[in-house]
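# Coordinates in review
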Amino acid sequence: MPKEKKKPMNQTLVSLCAFCCLANVHAADVNFNLESPHKWSFEWGWNNESYSKSDIHFKGIDHQFTLHGVRATDTQKTLTPQTLFNTYLNPGKITIPQTNARIAYQLNSDTALALNLDHMKYVVSDAQSVSASGQYLQKNYPSAGQQYLSPAFMHYEHTDGLNVVSFEYEKKYPLNDLPGKLKGHLFALVGVGIVIPKSNITMTMLGQVRNDKFHQAGTNLDIAGGLEVDFMKDYFARTTYKLGRINLSDVVTSARQAKAFQIFNFQEASLTLGVRFS
C-alpha cells in the first residue's frame, strides 16, 4: 500500500519567522508603541490541516452501509517560488489553495469578536482497506468485512471547500520582549459555526453521479491560539494553531439526494496577513 505524503504542518510557522526577520529590519523607522485607533480588521491567508480517522455512514434508496476508520488528508500545495506566484498569489486561482478569511471587531484592547472562514479541503485517501458493514444493491458485507477504497468503488472528497464559517470570541495578551521594536500579542479564541461544503462524491459502484452543489451539511466547534505581530501600526501577521471537531450530519452524496454522515477532528496551522481600519 503506498505511503501517504505527509503535509508540512510547520510551514506556516517557518514563514512567520522569516517574515518577522524581514519586518525587524525596518522596525527602527516605525513607532510600534502607538495603538491603532481602528476597531475593525480584515485578514487573508493560507492553511494546512490534518484529520482524524472517521466512520462514514451512507444511506439511500439502494444502500445503507458504513465505512469504518477512514483516513483523509488535505490538498494544500507545497510552498515553492513557483507555487507562491502561480497559485497562492494568483487572483485567478484564489479558491485553489486552502485559504482563510476573517473580519474582526475589537471591543477593547484585549477582546475581539470575529466572523471567520476556513476554506479547507478534505480528501479520503485512495488505496486503503477499511472495515465495512451494511449493504448496497445486492451486496451484504459479512462480519469483519473489508472494503478497498479506489475510484472503481467510490471517490469521496470536499475539495471545492470544506467551508467552515464560524463566530469567534478572542482574548489578547501583549508581549513586551519581542526583538527590536516589534509589537505583538499572544491570543486565544473559541469558535462555533456551520459547515457549507461543496462535496465531490462519486459512488461508482452504484452508478451515481455527484451532487456538486454547496450545502449546509453540519456544524463546527474549535479552539485556537497563536501569535500576532505588527509590522506597521495598522498592518499585522498572525500564525494560528487550531483544534476543532466537525459534525457533518447531512452530506449530499449524489444527484438523487442520497446522504452521508460523519464526525471527525482536525488540526489546522495557518498564516494570515491583516489590516486594521475604521
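Note that this is a predicted model, so its numbers are computed, not measured.

## Considering the side chain of Asp118
Its place among the elements puts Asp118 in strand 6 (residues 111–124). Polar contacts involving the side chain of Asp118 include one to the side chain of Asn116, which spans 3.1 Å. Here Lys242 takes part through its side chain, which lies 2.8 Å from a polar atom of the side chain of Asp118. Not counting residues up to four positions away in its chain, the partners in contact with Asp118 are Thr99, Asn100, Leu162, Asn163, Val164, Lys242 and Glu268.

## Concerning the pairing of strand 13 (residues 218–232)
As paired strands, strand 11 (residues 183–195) and strand 13 are joined by 13 bridges and run antiparallel to one another. Residue pairing in the sheet places Ala188 in a bridge with Gly225 of strand 13. Alignment of strand 13 against strand 14 (residues 235–252), held across 14 bridges, turns out to be antiparallel. Looking across to strand 14, one finds that Leu221 is bridged to Arg245. Here strand 13 folds back onto strand 14, and the loop between the two strands holds two residues.

## Section: the confidence of the model for the chain
With 87% of its residues at a pLDDT of at least 70, the chain reaches an overall mean of 87. Contacts of residues 1–34 to residues separated by more than four positions or lying in other chains number 61 contacts, the stretch itself having pLDDT below 50.

## Brief notes about a nonpolar patch on the surface
Nonpolar side chains collect at one region of the surface, where Phe167, Tyr169, Val190, Val192, Leu221, Ile223, Tyr241 and Leu243 lie side by side and expose about 750 Å² of accessible area between them. When residues of the nonpolar patch are traced back to their parent elements, those giving at least two are strand 10 (155–175), strand 11, strand 13 and strand 14. Residue Phe167 is classed as partly exposed on the basis of its relative accessible area of 46%.

## Some remarks on the environment of Gly191
With respect to the helices and strands, the residue Gly191 is situated in strand 11. Taking relative accessible area as the criterion, Gly191 reaches 2% and is therefore assigned buried. For the pair Gly191 and Lys242, spaced 51 residues apart in sequence, the C-alpha separation works out to 9.9 Å. Each residue touching Gly191, except ones within four places of it in the same chain, is listed here: Phe167, Glu168, Asn220, Leu221 and Asp222.

## As for the nonpolar core
By size, the foremost hydrophobic cluster in this structure holds 32 residues, and its most contacted members are Phe58, Phe65, Leu67, Phe153, Tyr156, Leu162 and Ile246. Taken together, the elements giving at least two residues each to this core come down to strand 2 (54–60), strand 3 (63–70), strand 6, strand 7 (128–136), strand 10, strand 14 and strand 15 (259–277). Ignoring sequence-local partners within four residues, the contact set of Phe58 consists of His63, Gln64, Phe65, Leu67, Met154, Tyr156, Met203, Thr253, Lys259 and Ala260.

## Quick word on the pattern of salt bridges
Under the definition given, this model contains 16 salt bridges. Residue Asp110 pairs with Lys171 through a salt bridge whose shortest N-O separation is 3.6 Å. Of this pair, Asp110 sits in the loop between strand 5 (99–108) and strand 6 while Lys171 sits in strand 10; the two residues are 61 residues apart in sequence, bridging distant segments of the chain. When its relative accessible area of 29% is taken as the criterion, Asp110 is described as partly exposed. Given the relative accessible area of 25%, Lys171 is considered partly exposed. Lys259 is paired through a salt bridge with Asp250; the nearest N and O atoms lie 2.8 Å apart. Beyond isolated ion pairs, a larger network of salt bridges with shared partners links Glu43, Arg102, Asp118, Glu168, Glu170, Lys172, Glu228, Asp230, Arg238, Lys242, Glu268 and Arg276.

## Section: unusual backbone geometry
With a phi close to 50°, Leu137 is a non-glycine residue in the positive phi region. Topologically, Leu137 is positioned in the loop between strand 7 and strand 8 (139–140). Take Leu137: its relative accessible area is 43%, and that puts it in the partly exposed class.

## Topic: helix 2 (residues 81–88)
For helix 2, the complete set of buried residues consists of Thr83, Thr87 and Tyr88. For helix 2, the angular spread of the buried residues around the axis is 70°, confining them to a single face. When the buried face of helix 2 is taken as reference, the exposed residues oriented beyond 90 degrees from it are Pro81, Gln82 and Phe85.

## A few points about the packing of aromatic side chains
This structure, assessed with the given rule, holds 13 aromatic pairs. The interplanar angle of 35° and the centroid separation of 6.1 Å between the aromatic rings of Phe231 and Tyr235 together place this pair among those described as tilted. Phe231 sits in the partly exposed class, given a relative accessible area of 24%. Geometry around Phe187 places Arg238 over its ring, the cationic atom sitting 3.7 Å from the centre.

About the criteria used
Residues numbered from 1 in each chain as written. Predicted model: local features only at pLDDT ≥ 70, side-chain atom pairs only at ≥ 80, totals over all residues. Heavy atoms only, no water. Helix = DSSP H or I, 4+ residues; strand = E, 2+ residues; numbered from the N terminus. Polar contact = N/O pair within 3.5 Å; in protein donor to acceptor, adjacent residues only side chain to side chain. Contact = heavy atoms within 4.5 Å. Pairing = 2+ DSSP bridges. pLDDT = per-residue confidence, 0-100. Patch = residues over 30% accessible without salt bridge, like charges linked within 9 Å, V, L, I, M, F, W, Y side chains within 5 Å. Areas by Shrake-Rupley, 256 points an atom, 1.4 Å probe, with all protein chains shown as cover. Salt bridge = Lys/Arg side-chain N within 4 Å of Asp/Glu carboxyl O. Buried < 20%, exposed > 50% of the residue type's maximum accessible area, 1.4 Å probe, protein only. Core = buried A, V, L, I, M, F, W, Y, C linked by side-chain atoms within 4.5 Å. Arc of directions from axis to C-beta. Phe/Tyr/Trp six-rings, centres within 6.5 Å; stacked < 30°, edge-to-face > 60°. Lys NZ or Arg CZ within 6 Å of the ring centre and 35° of its normal.

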